[in-house]
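A closer look at the structure
Residue strings, one per chain:
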Amino acid sequence: MFDSALIPKGVKRCSFAKFFIWVLILHIPVLIGTVAAILCWGLALNQTYLNNNFPFGLWIAADLGIIALGGGAFFTGFLRYVINIKELKNIVNYAVVIGVICYAAAQGILAIDIGQPIRGWFIFWHANVHSMLTEVAFCIMAYFMVLCVEYLPLLLENRQIFKFSVPRSFAHHLHEAMPTIAAIGVFLSCFHQGSLGGVAGVLYGRPFAYREGFLVWPWTFFLFILSAMACGPCFTILITKITEFFAKKKLVKKSVVGILAKISGGLTTLYVLLKIIDTLGWFGLVKEAGAPVKSFYANQPYGWWVLVMEVIILGAIPALLLLNKKTRENEPILILACVLNCAGIVMNRWIMTVQALAIPVMPFDKFVSYHPNWVEWATTLLPLWVGAIVIMLSYRYLPIFPQERELNPY
Amino acid sequence: MKDAHHKGEGHQEGHGTVYKYGMVINLDKCTGCGACMVACMAENNIPFRKEDTNDRLTQNFWMRVYKISNGGSFPDNDICYLPRPCMHCEGHGHHNRTPCVTVCPAVATDYNHETGIVSQIYTRCFGCRYCMAACPYHVRVFNWWDPKWPEGMEEYLNPDVSPRMRGVVEKCSFCFHRLQRARNKAYSEDRREVHEDEYQTACTQACPAGAITFGDLTNPEHKVYELKKTPNAFRLLEVLGTNPKVYYTSSRAWVRKAADVYVGKEGSGVTHT
Amino acid sequence: MFPFAFEWINDPSHFVFMGGFYFALGGLFIAVNYCVMRALFDWLCKGGENHNEH
Amino acid sequence: MKLDRRAFIELTVGASLGAGAGITFSPLPWKLTDDVAIWTQNWPWTPVPSEGQVSHADTICNLCPGHCGITVRKVEGRVTKIEGRQGYPVNDGGICPLGAAGLQLLYGPWRVPGPVRRVGKRGERNWERISWDKAIAEVVTKLSDLRSKGKPDTVACITATDQGTVPQLFSRFMEAYGSPNYIRTASAEDTNELAMKLLQGKDASVGYDLEKANFILSFGSGLIEGWGSPVRTIQAHSKWRSGNGKKAATVVQIEPRLSNTAAKADMWYPVNPGTETALALGLAHVIIKDSLYDSTFVNNSTSGFAEWRKMVMSEYSPGDVSATTGLSAAKITNLARAFAKAGRPLAVWGRGKGTTPGSLYECMAVLALNALVGNINKSGGVWTTLRSTDLGWPEVPQDRIASSGNGKPRLDGAGTQNYPLVKYRPDELPKIINDNPEAIQALLVHEADPYFTTMDTNRVAEAFEKIPFIVSFSTYFDETAQHADLILPNDHYLERWEDIPSPVGFHKEVLGVSRPVVDRQFDTKHAGDTVMAIAKKLGGTVANAFPWDDYEAVLKEAMGADWDTLAESGYVAKAGSTPSGKFEFYAKPYEPIELEGDSYTQPLTLIPMELMRLASGAIGNPPFCTKTLEETELKGNDLFVEVNPKTAGDYGLADEKYAMLETYRGKAKVLIHLSEGIMPGLVGIPKGLGHTGYDDYLAGKGVNANSFMGVVEDPVSGLSATWGIRAKLTSV
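Residues numbered from 1 in each chain as written. Chains lettered and ligands numbered in written order. Predicted model: local features only at pLDDT ≥ 70, side-chain atom pairs only at ≥ 80, totals over all residues. Heavy atoms only, no water.

Helix and strand counts for chain D stand at 26 helices and 28 strands. Over its C-alpha trace chain D gives a radius of gyration of 30 Å, about what one expects of a compact globule, namely 27 Å for 732 residues. With respect to the three principal axes, the spread of C-alpha positions in chain D is 130 × 65 × 55 Å. In chain D, buried positions account for 62% of the 732 residues. Sequence-distant contacts in chain D: of pairs separated by 6 or more residues, those separated by 24 or more amount to 73%. (Helix = DSSP H or I, 4+ residues; strand = E, 2+ residues; numbered from the N terminus. Rg over C-alpha atoms; globule rule 2.2 N^0.38 Å. Buried < 20%, exposed > 50% of the residue type's maximum accessible area, 1.4 Å probe, protein only. Contact = heavy atoms within 4.5 Å.)

Residue and element names in this part refer to chain D. Read across the sheet, 7 strands follow the order E5-E4-E17-E16-E15-E6-E7 without closing on themselves; strand pairing throughout is mixed. Of all the strands in the sheet, the pair left with one neighbour each is strand E5 (127-129) and strand E7 (182-184). The sheet contact formed by strand E6 (residues 155-159) and E7 spans 3 bridges and is parallel. Directly across from Cys157, in E7, lies its bridge partner Tyr182. The sheet strands contacting helix H5 (residues 132-148) are strand E4 (116-118), E6, strand E15 (442-446), strand E16 (469-472) and strand E17 (486-487), and the helix crosses E16 at an angle near 140°. (Pairing = 2+ DSSP bridges. Axes fitted to C-alpha atoms, helices over the stretch in contact; angles between N-to-C directions.)

Moving on: unusual backbone geometry. For the peptide bond that leads from Gln300(A) to Pro301(A), omega is 10°, which places it in the cis range. For the bond from Phe74(B) to Pro75(B), the omega torsion is 0°, close enough to zero to count as cis. Residue position: Pro75(B) is located in the loop between strand E2 (64-69) and strand E3 (79-84). For Lys248(A), which is not glycine, the phi torsion reads 55° and is therefore positive. By the element assignment, Lys248(A) lies in the loop between helix H9 (219-247) and helix H10 (254-288). For Asp52(B), which is not a glycine, the phi torsion comes out positive at approximately 45°. Mapped onto the secondary structure, Asp52(B) falls in the loop between helix H2 (35-43) and E2.

All names here are of chain D. Taking strand neighbours across the sheet as the criterion, the 3 strands line up as E18-E19-E20 in an open arrangement whose pairing is antiparallel. Either end of the sheet is taken by a strand with one partner, and the two such strands are strand E18 (498-500) and strand E20 (571-574). For this sheet the average axis-to-axis angle between neighbouring strands, irrespective of direction, equals 15°. Sheet topology places E18 next to strand E19 (residues 509-514); 3 bridges connect them, and they run antiparallel. Across the sheet, Ile500 pairs through a bridge with Gly512, a residue of E19. Sheet contacts for helix H23 (residues 551-559): E18 and E19; angle to E18, the most-contacted strand, approximately 35°.

Before going further, it helps to examine the packing of helix H8 (residues 165-201) of chain A against helix H1 (residues 12-46) of chain C. Running from N to C, H8(A) and H1(C) point in directions that differ by 165°, and their axes come no closer than 8 Å. Taken together, H8(A) and H1(C) sit at an angle that is classed as roughly antiparallel. Relative to H1(C), the crossing made by H8(A) is right-handed. Of the residues contributing to the contact of H8(A) with H1(C), the split by class is 17 nonpolar, 5 polar and 3 charged. (Parallel < 35°, antiparallel > 145°, perpendicular 65-115°, else oblique. Left-handed = near helix turned anticlockwise from the far one by under 90°. Nonpolar A, V, L, I, M, F, W, Y, C, P; charged D, E, K, R; others polar.)

Residues and elements named next belong to chain D. Where helix H10 (residues 276-289) contacts helix H12 (residues 305-315), the two axes come as close as 9 Å, and the packing angle between them is 105°. Viewed along their axes, H10 and H12 adopt a mutual orientation that is roughly perpendicular. Contacts between H10 and H12 involve Leu281, Ala284, His285, Ile288 and Lys289 from the former and Phe305, Trp308, Arg309, Met311, Val312 and Met313 from the latter.

Residues and elements named next belong to chain D. Tracing the chain through its elements places Thr454 in the loop between helix H18 (450-453) and helix H19 (457-466). Taking the relative accessible area as the measure of exposure, Thr454 reaches 10% and is therefore buried. Engagement of the side chain of Thr454 in a polar contact is seen with the backbone oxygen of Pro450, the distance being 2.7 Å. With near-sequence residues (within four places) excluded, Thr454 lies in contact with Asp427, Pro430, Val460 and Asn706. (Polar contact = N/O pair within 3.5 Å; in protein donor to acceptor, adjacent residues only side chain to side chain.)

Residues and elements named next belong to chain D. Volume-wise, the second largest cavity comes out at about 320 Å³. Along its surface, the second largest cavity is lined by 25 residues, and Arg351, Gly352, Pro608, Met609 and Glu610 are the ones closest to its centre. For the lining of the second largest cavity, the per-class residue count stands at 9 nonpolar, 9 polar and 7 charged. Of the residues that make up the lining of the second largest cavity, three or more belong to each of domain 3 (204-386) and domain 4 (604-731). (1 Å grid on protein atoms, 1.4 Å probe; cavity = no way out; pocket = protein on both sides within 12 Å on 5 of 7 lines; lining within 4 Å. Points joined across faces, edges and corners; volume = space filled by probe spheres on them. Domains from an automatic or database assignment.)

As a further point, take the domain arrangement of chain D. If you check the domain split of chain D, you get domain 1 (5-41), domain 2 (131-186 + 398-490 + 525-547), domain 3 (204-386) and domain 4 (604-731). On a C-alpha basis, the centres of domain 1 of chain D and domain 4 of chain D stand 65 Å from each other.

Now for the interface of chain D and chain B. Listed as interface residues are 70 residues of chain D and, on the opposing side, 73 residues of chain B. Where chain D abuts chain B, roughly 5800 Å² becomes buried across the two surfaces, and 59% of that area is made up of carbon and sulfur atoms. Looking only at chain D, the three residues that lose the most surface to chain B are Phe624(D), Lys627(D) and Tyr697(D), adding up to 13% of its buried area. Taken together, chain D and chain B are joined by 3 salt bridges. The tally of links from chain D across to chain B stands at 30 residue pairs in polar contact (both at pLDDT 80 or more). Residue composition of the side of chain D that touches chain B, by class: 33 nonpolar, 21 polar and 16 charged. (Buried area = accessible area lost by both parts, 1.4 Å probe. Salt bridge = Lys/Arg side-chain N within 4 Å of Asp/Glu carboxyl O.)

What follows covers the pattern of salt bridges. Residues and elements named next belong to chain D. For the structure on display, the rule yields 71 salt bridges over all chains. As a salt-bridge pair, Asp562 and Lys574 come within 2.9 Å of each other at their nearest N and O atoms. Taken together, the residues Asp562 in the loop between H23 and helix H24 (563-569) and Lys574 in strand E20 connect sequence positions 12 residues apart. We classify Lys574 as partly exposed; its relative accessible area is 31%.

This part covers the pairing of E19(D). Successive side chains on a regular strand alternate, one facing one side of the sheet and the next facing the other. Residues and elements named next belong to chain D. The element E19 is extensively covered by neighbouring structure, given that 5 of its 6 residues are classed as buried. Taken together, the 4 bridges between E19 and E20 define a ladder with antiparallel strand orientation. Paired with Glu509 across the strands is Lys574, a residue of E20.

Structure follows, in structure tokens:
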């Protein structure tokens, strides 16, 4: 093959032509997304359906969702390097790759979302430490650096680079330092996952989102950390399964996936329980303030079904499916549970941003619904395609799955 | 200076007396004529567009007059106009902070403890719009477009207020530049105090009905001091604890009720017309 | 971000927040540089070429 | 040192990394980052208004007949703000949205930059700049030609008012030239003046002492929607609404729709539209029956009461009136008693803003109600405000052609035996021209926009097509100007001297003078000077009729002794003389004004809604004002009509959905706004949108309400009494 010198030893990859065509095909949506992004930068944000009632829309909801899904990286890292679950070394690489993609995507979307991207760095330079968004920006930026450092040894393990002594020993020492780096990552991650929850939770002018809490953090701060830990591994599993589907081979042993699924099941159950308590507590809070709870669910499409959907169908059900050994070990059911769990978290992030803004606060406010336009969709999905290309490149040229050779001998 | 600025909360600091500028708007007198909106647009160089002329969701309004209805059927229907500038919330309780100010990641908006005015620095704002999400009154607007004036119309722009660039958030400033002007005048006359009539917002001045009263809420010599205490006075969404400095008065019970609860308390027919 | 920016206030929130941030960044910086140093050290001392393959 | 391949690659990579790191840690990227951020803060395409010396100048707003005092804030030569003038006897510091938006009219792209001549077809908006001399010469050639053909009476002139020196110069020009066809655009003033002539025998209009009244009974007047002098009326409204705990006055609104005035009123009585006259007479019935009327006044200062009383008592019992108006007999009785017992009651007439003449009987019935409670020419009452067009100018010299032209009957029939008392019937003009295309050979239009404001827009357009020569003196590219052959642009009202007569509906006489507060922005000329220049070029007696050097001389002479005060303070508030004529009760029974259309195929009634935020007269709504419109009035370029949900149910209409609105006169697609504030069966249409002139900031928004309306002649006055039209709404 044209690029066989770059492919890790002992594994089989598809032909370069096939690979190249797929990468080319993926460039079509990438191009559309890029055009949309350029429209936003060049002609300003009037290109979207965002408006003064919906200053936050699909982008922010997607950002929150992506970061929650990317939580698999920090949590798997935590389990692998801090808790030291050795088995997980077989999936932690891939979790890191997914993490890098998710965090790069989140920052990319933010760069389109803000009205003045060129002075976006003011968030660092003129930081207001009281703002949840500042905390988010600082931690995401720092954690992205951590992820890059975690990704670096993988990159260095490419066959051609690995031939050189300096990169090789650098990668080796990075592996040694990984527990420290992972610990820093966990520290940063906890804060920004939480702060993303805080972003909505501190809005005391928006009773739908507002939560009381602990010290400076609203309850949503802790719920967001927990939900990211709960669903992140599911997303890692899901992407692994998708990769296996396209690669037409097993890449990670069932036992490894099983560990992640089991932990995720436990955490999701805990999360759903706390979410229910939180919701009930919030019912009391708004009732006390004089607003009937039903008024928050009075405007379609944001009816009661949203709550049922989020907490029961996309919360409790996957939690139970993951918790139960029998269902967890049945692959189709496991995949279903992972899909439900991830969808639940994305829905939660949408609710906390878009629904929170849609519920009229002033009694004479008119309910306005918001639906993103193509520019928003194209830019939001852009990372998906870029991510797919990055995964294809990483999978093809880097030894990401340590068990691949063992599972697919030839 | 920066310490004084933060510690000065509610105290006499240095030479300056602490003011709390605010408004009392008489909704019985307000006729919904819109002069306040136009005066505000002219005073503050607010841009306008050919298209979507009056679309409240995308167009720029600092002062917006809401038309509210009691929801009754003909002929028991009733309407009332409610002018809504920025509330310049003081915040209280354990928040003790203005909803939009705390969330701004870049300190582009600030609560001035000497005047009670919530400022907005357009050149600092980078357009994350978190403040808009934080404000329950829809006071803050985003510049979705590059502000453009038809040829020749730049002539009428007010040099006291800089036109904003696209991609930033802006809002009512209680015509802060007028306070600066009044202060300069007072200092030049060797006075520390700015008189009540020396500093009035553009909307207050324009209102043909005299429905808006503006002044220092803490100064017993200012008209607003007594007006805000009248039995029919209320504030918008008092229950949230945003502690706004804009008060309203109305002799109509349904109007008072419409402003003080979250969403349709008692399932009343309070609707938007 | 830095104490010389005019928004900077010497208060606990700034110390805690920025302290945490600099601590994390510092940790990462030291870890990475430590690895770089070690790699260079390996190369210079052992002649690099004979390093064990994993 | 041996350089093998590996070492070479290592060195290259190392050098690249080093160079990258070097640039990264050099000041360059940081400097660039900072520079572009600074660039975003000062984008060259975001205007930076120039600083300069701030000054203020007082003048008078001329955008509506309200005539408020304004103070203009200037920075160097630029007008940056228009504010209400403190202490001005009309508006004392207040301003209306249109007045505040006046600076947009001053600087907007809709200004006519100088004299222009039409190129291509009418209304194509293709103009060619010509010199003033050439423009005036062109008018003179055309007018001389008509004069030499002995047809001076085929020239017509339209102005918005006949009060003041400039309209009088036009009127004088017409007389000297030899045409009786000087016309004033329609308004409620036509009916007010006619009523005053009939009831008081005076050449006068009606002024209301709103401030002092304590019970205001309004017959559909949009008191806070721009009626009378808008700011003054709103300020009076505030006086009524203030008072410690108790309101200073009771306000009752009779109107089929919950207008702002109705919403603010203490009582809102939606009576069947068009039956207001019956209600007024019904109230009179109760007042007479209960002997609540002012017998001293009625006995001493009125005539014809006995006969009128007989009519009222026999035909307008509360029961009868209840059947007509839809208001219960008890309510009528209570209202009448409350009115008569109030102490200082005041019944107010003039539908909406008073932009249409309306029913003479209705006006007289409302005035009679005031007379019944002795409320004429006294504090808190109705005042006879004398109107005079006599400026003390010398007699107009007329040559043979002029006197023969002036001897011909007016085209609109005003002052002829059919319509002996009215001065002008502008609404008739389109019909006359359409019936007789030769009737008008040339039309001069000053400070009016008949193309937009005259009812039945389609017929108006047709008539305009038939006039061979149209000259507009407009400051703006309004609709009439767009369809003219020649525009001789007048100075903007902030750029010129002009005397401003007393505001409409004001009971006191305030003479004001507007003055130039800003330099002339374009190559414009004062219309007074232009018309005199035309006259002088025409020569002979026409030239002799204008012995003045320029307009300023005209103004100074006309103001006489008041000039010094006017030049200094800008206004003179006059005590005003109270004419002591007898009030005449006219015992004419109420005749309903029948609407145009077929009530079977057009089951709904379309009524215009006049809004404070929407200029409905000759001045187009500036962008600032259009921006303030409710989202239930205009959406993008689409106009909303207001209907009751019940009506919508009956005709299958849905909120915010399109429907076809059709009347005998016009048809257009509109959006439906469901409102519980309008009587079922009615359709409310905002008046003032649908401009086609000016430019894209103004044009193309909504539909002109006038395009649906036709002229219904008042049986007595011959003025247009249209208050609505039968209509059909079908969902599309």
